[in-house]
Amino acid sequence: LSLVFAIGACSGVNSTSSTASSATADSGSQLVEFYANQVGFLPQQQKHIVVRTSQAVSYRVTNTASGQTVLEGTTSTPNYWPLADQTVAVADVSSITAPGLYRLSVGDNDYTTFRISAQRVSALHDAAIKAYYYNRAGMALDPAFAGKWHREAGHTDTHVINLNEPKISLASPKGWYDAGDYNKYIVNSGISTYTLMRAYLDFPDFYVQRRWNIPESTNNQPDLLDEISWNLDWMLTMQDTDGGVFHKLTTLNFAPAVMPAEATEQRYVVAKGTAASLNFAAVMATAARVYPQQQSNFLAAAKRAWQWALENPQVAYKNAQNVKTGEYGDSSFNDEFAWAASELFITTGEQDYLIEAQRYLGSPSTPGWSDTMGLAYLSLLSEQGQNALPAERYQTLKTRFLDYADALVKTSQASPFRTAMTANDFVWGSNGVAMNHAMVLASAYRMSNDPAYLHTFTGLVDYVLGKNPVDYSYVTGFGEISPRFIHHRQSHADGIAEPVPGFLVGGAQNGQQDNCQYSASLPATSYKDNWCSYSTNEVTINWNAPLVYSLAAMLTLTE
Ligand SMILES: [Ca+2]
Ligand SMILES: [Ca+2]
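Let us look at the structure shown here. Since this is a predicted model, take the numbers as computed values, not measurements.

It is worth spelling out the state of the cysteines at this point. Under the counting rule described, the total for this entry stands at 1 disulfide. At a sulfur-sulfur separation of 1.7 Å, the disulfide partner of cysteine 516 is cysteine 532. With the S-S dihedral at roughly 135 degrees, the linkage between cysteine 516 and cysteine 532 falls on the right-handed side. Note that cysteine 516 is positioned in the loop between α17 (489–493) and α18 (541–557) and cysteine 532 in the loop between α17 and α18, a separation of 16 residues in sequence.

If you want it as structure tokens, here you go:
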């Protein structure tokens, strides 16, 4: 945060239109800018503040409560980051571990503030998972749980028509809205649901007692499992009688920017596909381990979807001409076969599934909705995977996975912003890429205890929380400057100034696939906090899921 921003922050965020660069021009003095995590650091994590400066500068950190100086130091030598056209250095304040509000000063005039606060990180986690409650389809949001964002139910989906066989209708209720729109897409729901189940499986102690005021908070099941169930129940309805799974549940066109209850166009399920069926099989096989009481139901659904995919191994989904909503198209299925087979193997222990998993398993990569190879690795290398796999096989996969994580560490260490993001990562949903990198690194740390993975991982969380060249905390409601005008129909239509909190926006990338006017065009700076910017300012369930995972990992692994 620059000085201008820091002062503005005291009276709200209305000052975001003024920029530090104009202040530099006005003052004529050497004014530096700062980019830092705006929410809070955990006491024991690595803490880097990025300083925009052309030469190394000395800095001083004071505790704002006591006024005492707690650290004096000099930044690293500045480096140029072409993805942002900025030259920046790093102030390492990791040695400060006491909770509190601190001021980092350069010279007499320039400063930023930062917090060390586990409570703030904890609150952010709870908001990031509660965002799923706000995106529930088919449920009214009660003021007791939703506060001022309460709303009527929309999209009960009790009469959904099969687009290919219009005489057939089905009930397909519940589930989460995918994003800023109101449709429900299996492949993106699947990776989101899996990622949240991964968080539960990896951090059970963290979740067993944790509650965040949803309608199910008074039952005796962990709230995370309650939230995930809302979507699993919907996904189950998307399986056809032959075992195949419909690709999505959608209107023909995107709904106008109205509240859910007012978006009443007819909804359809569309064609069955290989990606959707395998994604579904993987999710249901995982759910069989997460929900022991429903194991037989979930496992049976998984096996039927797997069988359908074996018989229909090349059915790529394409939007029909009259369907204009998100396609989520994918014609490469080795990763889905590897993932589904891996989950079925871990759940059943049957060697046939292991043979199939090995047949399709490729190199590890950072997970995404169309590339699920990394999810197969996360499961095979988890505790349950390790128990199921031959020891030698486990070691081979672990070595490969850590090699991949090593490349992320190297990228981060060479990055002026200490961020494991390359030019290739600044695609639509770059913040989702950052959080999926973070999930890979958190898993690498759990397998190895090598702190380099932990530092790279928390550095990515810092990145989305403000240690970035656009100076935004990219999560609604958290940080001095956070998105206000997200591409999210509820938030746009509800007449409430603040957007629904806890959502991670897509973030910077310079495809500029919408008709917004951007003031910057570089990969890491092309971002606009405006409803029109669906290419940088939309929210989705698959970007929030690895944010939830990463925050749970931080709160578990860093303390
Ligand atoms: Ca509960
Ligand atoms: Ca794929």
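Next, the rest of the story.
Moving on, we come to the pairing of strand β8 (residues 110–116). Across the 7 residues of β8, 5 count as buried, placing the element largely inside the fold. Where strand β7 (residues 100–106) lies against β8, 7 bridges are found, and the strand directions are antiparallel. Its bridge partner lying in β8, leucine 104 is registered against threonine 112. What sits between the antiparallel neighbours β7 and β8 is a turn of 3 residues, in which glycine 107 has the positive phi angle 65 degrees.

Counting 151 residues, the largest nonpolar core has Leu196, Tyr207, Trp306, Phe401, Met435 and Phe457 as its most contacted members. A per-element tally of this core places helix α8 (residues 274–290) first, with 12 residues. Ignoring anything within four residues of it in the chain, the contact list for tryptophan 306 reads Leu278, Ala281, Phe337, Ala340, Ala341, Leu344, Tyr353 and Glu356. Among the nonpolar cores identified, the runner-up in size contains 18 residues, and Phe41, Val51, Val61 and Tyr102 belong to it.

Note that glycine 243 resides in the loop between α7 (223–237) and β12 (248–250). The class for glycine 243 is buried, based on a relative accessible area of 0%. When the C-alpha atoms of glycine 243 and tryptophan 308 are compared, they prove to be 5.6 Å apart, with 65 residues separating the residues in sequence. With residues up to four places along the chain from it excluded, the contact list for glycine 243 reads Arg304, Ala305 and Trp308.

Moving on to the pattern of salt bridges. Side chains that differ in charge, positive against negative, can pair when their charged atoms come close. Within the structure shown, the criterion is met by 16 salt bridges. Close ionic contact of arginine 210 with aspartate 126 constitutes a salt bridge, the shortest N to O distance being 2.9 Å. Of the two residues, arginine 210 is situated in the loop between α6 (204–208) and α7 and aspartate 126 in helix α3 (residues 118–134); the sequence distance between them amounts to 84 residues. Take arginine 210 and aspartate 126: they sit in the same class, and that class is buried. Put simply, Arg136, Glu216 and Glu227 are held in one network by salt bridges that share partners.

Parameters and conventions
- Residues numbered from 1 in each chain as written.
- Chains lettered and ligands numbered in written order.
- Predicted model: local features only at pLDDT ≥ 70, side-chain atom pairs only at ≥ 80, totals over all residues.
- Heavy atoms only, no water.
- Disulfide = S-S within 2.5 Å.
- Helix = DSSP H or I, 4+ residues; strand = E, 2+ residues; numbered from the N terminus.
- Buried < 20%, exposed > 50% of the residue type's maximum accessible area, 1.4 Å probe, protein only.
- Pairing = 2+ DSSP bridges.
- Core = buried A, V, L, I, M, F, W, Y, C linked by side-chain atoms within 4.5 Å.
- Contact = heavy atoms within 4.5 Å.
- Salt bridge = Lys/Arg side-chain N within 4 Å of Asp/Glu carboxyl O.

Keep in mind that these numbers describe shape and distance, not what the molecule does.
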